[in-house]
Amino acid sequence: MKSKIRFFALFLFIYLANVSPGINIFAQGRQRLLMDFHWKFKLGDINDAEKTSFDDSGWRIVNLPHDWSIEGKFSKDAPAGGNGAYLPTGIGWYRKHFKISKNDLDKIIWIEFDGVYMNSDVWINGHHLGHHPYGYTSFYYSITPFLKPGENIASVRVDNSLQPNSRWYTGSGIYRNVWLVKLKPLHFAHWGVYVTTPEVSGNYAIVKVKTKIKNEYRTLKKGILHSVLIDENGNQVSENKIPFSLMPGKSIRLNQKLKVDSPALWSVDSPSLYKLRQTIDVDKNEVDNASTTIGIRKIVYDVNKGFLLNGKHVKMNGVCLHENGGCVGAAVPIAVWKYRLKKLKAMGCNAIRTAHNPPAQEFLDLCDKMGFLVMDEAFDEWEAGKRKYGYHIYFDKYGKQDLTSILMRDRNHPSIVLWSAGNEVPDQKTNKGVKTLRALIDICHRLDPTRPVTTACDDIAADGGATKLSFLNELDIVGYNYVDRWHKRRELYYSIDHHDHPNWKMIGTESESNNGGFRGEYLLGNDSSSINPSYNFRMIDPEQLWKFVDIHDYVIGDFMWTGVDYLGESFWPFKNFFSGVLDLCGFKKDGYYFYQSQWIKKPMLHIFPHWNWKGREGQIIPVLCYTNCNEVELFLNGKSYGEKRIEFPRQGHSGAWNKYAKPVVNPTTADLHLEWDVPYEPGVLKAIGKIDGKIVCTEEVKTTGKPAGIKLIPDRDTINADERDVSMVKVEIVDADGNVVPSADNLVQFKIEGEGKIIGVDNGNPRDLSSFQSPERKAFNGLCLVVIQSTKKSGDINLIAESKGLRQASLKIITKKVKLPPEI
């Protein structure tokens with residue numbers, strides 16, 4: 001009897017839901033559940049692993065995001081070669097057991113993948129959902145028809161075996177988040193909300209919202225779309241309601257406008273954000289909800305004035321960033337990116353190019369919050385390839401689909417101000433490439449007419465086959481990779497094309513960085529009888545380029561290659577490319593301070609190299625200084641080596657002949673650095689910086705003693721107990737006085753106790769091929785790094801660092817309980 005009652009109740013529920021729209025049967029709306037924990041993983045191609053009957057009891061338990069390549073050993077014979085940092089790739093399988101209640105079977109249920117590298121196939125309970133080749137685009141499947149009450153199984157095969165398929169390290173696996181989304185059949189479409197700010201001023205702004213709603217019931221549904229805008233203080237600042245009627249199996253697009261008085265504008269210095277909260281209401285009951293973070297800002301690109309943000313000229317002080325996170329691989333905890341971005345922000349960087357693929361959603365969220373301008377880049381290959389198994393073999397079938405998903409997912413981020421359809425594509429030289437570009441631009445303009453499109457072109461003036469003029473004329477903004485590479489452009493840069501094509505808008509999509517290389521290494525060769533410096537000439541080209549970019553407003557900005565060192569694009573025995581101003585650990589190189597000297601206003605100076613040159617007494621060592629002071633005096637052991645002066649841009653007369661608006665500097669160089677030749681003797685180098693005759697900053701570099709101890713410096717001493725948060729712990733080898741010993745290479749062993757684990761170690765040395773998973777690391781030029789991750793339990797994490805002959809160090813990191821996102 002009870003079973004009959006349950007059957008009748010279920011029948012009545014389904015009948016009312018599909019036949020009687022006036023009856024209130026709606027409960028809670030959308031549920032978005034994190035699906036990252038307790039997957040089963042097996043490396044290798046496994047027969048029948050998609051079947052529900054398959055026995056995975058012996059498989060390893062992993063949490064997502066997960067990158068199996070970073071766990072492997074470096075090998076000169078790795079199929080990916082230097083492209084993949086000499087780490088393993090291959091095929092791997094994931095399986096997730098999860099439960100669905102009977103009450104959920106009337107819902108629409110999606111499984112969403114933020115990123116899988118690459119060639120993924122997904123099954124639910126043995127039913128194949130689809131194949132997705134591109135490793136950087138997000139995708140989803142509707143799994144409603146294949147679910148059953150009780151236990152269900154998601155199986156994912158990831159194939160990264162065809163090598164090489166990239167020019168840089170990609171990682172392998174489900175390296176971004178996975179979500180399970182439960183919806184009522186009347187719901188917001190996937191990526192169905194699009195927000196723009198067509199009218200922006202200090203007095204008011206108009207926020208335009210386009211919303212797509214789907215009705216997957218079998219009957220007509222009537223409802224109200226309710227949109228509310230909330231400021232950062234939780235105050236409702238605008239509201240709009242619009243009724244709709246929707247036939248079964250159909251979609252509708254609704255347009256709304258919300259007026260905001262005295263808006264807080266999003267900018268690089270003050271990245272104010274709003275929450276757009278939307279509900280679909282039927283008979284005063286919420287059936288679905290959506291929350292979208294937006295920023296109110298106005299962007300304008302001008303052929304003469306460059307880039308204007310909210311009516312003010314802003315030069316894009318940019319860096320290019322690859323997605324991998326060094327010792328944690330491609331599955332980068334968001335705290336790692338926050339650690340890196342904070343350093344780049346302190347350098348004065350305000351713009352990021354996501355080279356050469358769309359980034360993780362959480363990365364863009366950080367850029368929104370921290371005030372970075374983003375060039376969101378789609379592809380490194382179109383139809384013409386660079387690597388045998390690169391994206392070019394998929395582009396014809398999937399290129400438009402992938403670009404569409406990039407635009408649909410990312411277009412609400414206020415940080416994104418420019419789309420890039422490709423990087424250095426060989427297609428730029430062909431007539432077919434022009435047609436391809438036109439098609440890609442059409443997609444961008446259709447899905448987001450508010451932002452321009454560029455591509456990063458490296459052959460604009462190349463000998464032996466330059467970029468087609470028709471290709472460049474298609475672009476909204478012409479992107480230059482290494483604008484100074486060819487002939488007279490070494491000195492004339494953009495001016496040639498600005499003269500010949502006055503309607504072109506121009507941006508430096510990629511250029512050489514200042515003093516990349518190995519952090520803390522300064523000499524070429526091992527000749528002990530003389531100094532052969534490697535650090536006093538590599539800055540000349542970047543300095544001269546920056547001088548041109550800075551004083552010519554029509555150049556929108558410049559993206560330096562790169563902000564951070566990255567795995568791959570290397571040659572044996574190096575595991576990574578070392579062009580960054582931060583090394584693989586996020587430690588600053590000297591070039592960091594050049595950009596800081598040009599990009600921030602707070603007085604600063606930095607002198608280098610270090611001053612430990614035992615056995616080279618009397619040899620002449622060039623001492624360099626980056627500064628935004630206009631006078632610097634250098635002392636060695638109290639003896640002055642003279643004052644040097646710098647001024648950029650130099651000032652002309654103001655008001656009258658031979659009159660100046662600011663004190664006269666009389667610069668001693670036209671470069672953007674200062675230099676002294678100093679005979680080496682141990683002691684203390686001291687630089688004193690002045691602005692208009694007043695001392696504003698000083699820096700000392702000392703000859704240190706021998707290594708005596710270890711110092712641990714966490715970027716955060718309190719982290720969240722969520723099994724995902726991390727603390728980046730800098731490890732210093734110090735002398736008896738606490739000074740970092742710049743040549744120290746001591747082996748440091750790590751022990752950890754409490755509610756945490758070590759997920760990566762490194763030292764920034766491209767030659768070091770020891771495992772990132774090891775509990776020990778040699779210091780490289782005085783430093784190394786250990787990355788600590790929390791568990792889900794609150795409590796203390798105790799880290800102990802030991803090295804033979806040195807004082808040990810210990811550190812306590814506190815993990816605090818936080819509200820975790822719903823998970824399954």
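Not measured: the values here are computed from a predicted model.

**Regarding the pairing of strand E10 (residues 178-183)**
Here is step 1: Across the six residues that make up E10, a large majority, six, are buried.
Here is step 2: Residues Val178, Leu180 and Lys182 point to one face of E10 and Trp179, Val181 and Leu183 to the other, with burial holding for every one of them.
Here is step 3: Looking at chain direction, strand E5 (residues 108-113) and E10 are connected through six bridges and run antiparallel. For Ile109, the partnering residue across the bridge sits in E10 and is Lys182.

**Points about the side chain of Asn160**
Here is step 1: Among the structural elements, Asn160 can be located in strand E9 (residues 150-160).
Here is step 2: What makes Asn160 buried here is its relative accessible area of 0%.
Here is step 3: When near neighbours in sequence (up to four residues on either side) are disregarded, Asn160 contacts Thr89, Gly90, Tyr117, Met118, Asn165, Thr170, Gly171 and Ser172.

**Structural notes on a positive patch on the surface**
Here is step 1: A cluster of like positive charges, contributed by Lys275, Arg277, Lys338, Lys342 and Lys369, occupies part of the molecular surface.
Here is step 2: Secondary-structure elements contributing two or more residues to the positive patch are strand E16 (274-282) and helix H2 (334-347).
Here is step 3: By the element assignment, Lys275 lies in strand E16.
Here is step 4: Residue class for Lys275 comes out partly exposed when judged on its relative accessible area of 34%.

**Focus: the confidence of the model for the chain**
Here is step 1: Averaged over the chain, the pLDDT score is 95; the fraction of residues at 70 or greater is 97%.
Here is step 2: Per-residue pLDDT stays below 50 along residues 1-27; that stretch engages in 26 contacts with residues further than four places along the chain or on separate chains.

**Considering the packing of H2 against helix H3 (residues 361-370)**
Here is step 1: Close contact between H2 and H3 brings their axes to 10 Å; oriented N to C, the two are set at 35 degrees. The hand of the H2/H3 crossing is right-handed. Residues Ile334, Trp337, Lys338, Leu341, Lys342 and Lys345 of H2 form the contact with H3, whose participating residues are Glu362, Phe363, Leu366 and Met370.
Here is step 2: Partitioning the contact of H2 with H3 into residue classes produces six nonpolar, no polar and four charged.

**Section: the packing of aromatic side chains**
Here is step 1: Under the definition given, this model contains 41 aromatic pairs.
Here is step 2: A ring pair is formed by Phe608 and Tyr626, whose centres lie 5.3 Å apart and whose planes are at 40 degrees; its orientation type is tilted. With a gap of 18 residues between them, Phe608 in strand E31 (residues 605-608) and Tyr626 in strand E32 (residues 620-627) connect regions that are remote in the sequence. Each member of the pair, Phe608 as well as Tyr626, carries the same accessibility label: buried.
Here is step 3: A cation over a ring is seen here: Arg32 above Trp179, with NZ or CZ 4.0 Å from the ring centre.
Here is step 4: Over the face of the ring belonging to Tyr204 we find Lys259, whose NZ or CZ atom lies 5.2 Å from the ring centre.

**Regarding the environment of Val282**
Here is step 1: Turning to its location among the elements, Val282 is positioned in strand E16.
Here is step 2: It is 30 Å that separates the C-alpha atoms of Val282 and Val178, two residues lying 104 residues apart in sequence.

**Section: unusual backbone geometry**
Here is step 1: Geometrically, the link from Trp561 to Thr562 is a cis peptide bond, its omega value of 0 degrees lying close to zero.
Here is step 2: Within the secondary structure layout, Thr562 lies in the loop between strand E28 (555-561) and strand E29 (566-567).
Here is step 3: Although it is not a glycine, Asn125 sits at a positive phi angle of roughly 50 degrees.
Here is step 4: Along the chain, the position of Asn125 falls in the loop between strand E6 (120-124) and strand E7 (127-132).
Here is step 5: The class of Asn125 is buried, set by a relative accessible area of 13%.
Here is step 6: With a phi close to 55 degrees, Asp692 is a non-glycine residue in the positive phi region.
Here is step 7: The topology assignment puts Asp692 in the loop between strand E36 (684-691) and strand E37 (694-702).

**Some words on the sheet that holds E16**
Here is step 1: Taking strand neighbours across the sheet as the criterion, the four strands line up as E14-E13-E16-E17 in an open arrangement whose pairing is antiparallel. Strands at the two margins of the open sheet, each flanked by one partner only, are strand E14 (236-246) and strand E17 (285-294). Strand-to-strand twist across the sheet, computed as the mean angle between neighbouring axes with direction ignored, equals 15 degrees.
Here is step 2: Sheet analysis places strand E13 (residues 221-230) next to E16, joined by seven bridges and oriented antiparallel. By the bridge assignment for E16, Ser227 is matched with Gln278.

**A word on helix H5 (residues 431-447)**
Here is step 1: With 17 residues, H5 extends 25 Å between its outermost C-alpha atoms, agreeing within 8% with the 24 Å of an ideal straight helix rising 1.5 Å per residue.
Here is step 2: All buried positions along H5 are accounted for by Gly433, Val434, Thr436, Leu437, Leu440, Ile441, Ile443, Cys444 and Leu447.
Here is step 3: Contacts from the buried residues of H5 go to strand E11 (186-200), helix H4 (392-410), strand E24 (416-423), strand E25 (453-457) and helix H6 (469-474).

**Here we look at helix H10 (residues 590-599)**
Here is step 1: When you tally the buried positions in H10, you get nine out of 10 residues, the bulk of the element.
Here is step 2: Taken as a whole, H10 has its buried residues at Asp590, Gly591, Tyr592, Tyr593, Phe594, Tyr595, Gln596, Ser597 and Trp599.

**Regarding the pairing of strand E23 (residues 373-377)**
Here is step 1: Of all five residues in E23, five are buried, a share of seventy percent or more.
Here is step 2: For strand E22 (residues 351-354) and E23, the ladder comprises three bridges, and the chain directions are parallel. Bridge pairing in E23 places Arg353 opposite Met375.
Here is step 3: Viewed along the sheet, the connection from E22 through H3 into E23 turns out right-handed.
Here is step 4: Pairing of E23 with E24, which is carried by four bridges, proceeds in the parallel orientation. Along E24, the bridge assignment pairs Glu377 with Ser420.
Here is step 5: The β-α-β motif built from E23, the intervening H4 and the parallel element E24 has right-handed crossover chirality.

**Brief notes about the environment of Val696**
Here is step 1: Take Val696: it is sitting in strand E37.
Here is step 2: C-alpha separation for the pair Val696 and Cys629, spaced 67 residues apart in sequence, amounts to 7.9 Å.
Here is step 3: Contacts of Val696, omitting those with residues within four sequence positions, involve Pro603, Cys629, Gly689, Lys690 and Ile691.

**Remarks on the environment of Ser75**
Here is step 1: Looking at the element boundaries, Ser75 is found in the loop between strand E3 (60-62) and strand E4 (90-100).
Here is step 2: On the accessibility criterion, Ser75 (28% relative accessible area) is partly exposed.
Here is step 3: Sequence separation between Ser75 and Glu50 is 25 residues; the distance between their C-alpha atoms is 31 Å.
Here is step 4: Among residues more than four places away in sequence, those in contact with Ser75 are Tyr86 and Trp572.

Reading guide: rules and limits
- Residues numbered from 1 in each chain as written.
- Predicted model: local features only at pLDDT ≥ 70, side-chain atom pairs only at ≥ 80, totals over all residues.
- Heavy atoms only, no water.
- Buried < 20%, exposed > 50% of the residue type's maximum accessible area, 1.4 Å probe, protein only.
- Helix = DSSP H or I, 4+ residues; strand = E, 2+ residues; numbered from the N terminus.
- Pairing = 2+ DSSP bridges.
- Contact = heavy atoms within 4.5 Å.
- Patch = residues over 30% accessible without salt bridge, like charges linked within 9 Å, V, L, I, M, F, W, Y side chains within 5 Å.
- Areas by Shrake-Rupley, 256 points an atom, 1.4 Å probe, with all protein chains shown as cover.
- Salt bridge = Lys/Arg side-chain N within 4 Å of Asp/Glu carboxyl O.
- Lys, Arg positive; Asp, Glu negative; His and termini not counted.
- Charge placed at Lys NZ, Arg CZ, Asp CG, Glu CD.
- pLDDT = per-residue confidence, 0-100.
- Axes fitted to C-alpha atoms, helices over the stretch in contact; angles between N-to-C directions.
- Left-handed = near helix turned anticlockwise from the far one by under 90°.
- Nonpolar A, V, L, I, M, F, W, Y, C, P; charged D, E, K, R; others polar.
- Phe/Tyr/Trp six-rings, centres within 6.5 Å; stacked < 30°, edge-to-face > 60°.
- Lys NZ or Arg CZ within 6 Å of the ring centre and 35° of its normal.
- Expected span 1.5 Å × (residues − 1).
- Right-handed = clockwise from strand over helix to strand, strands pointing away.

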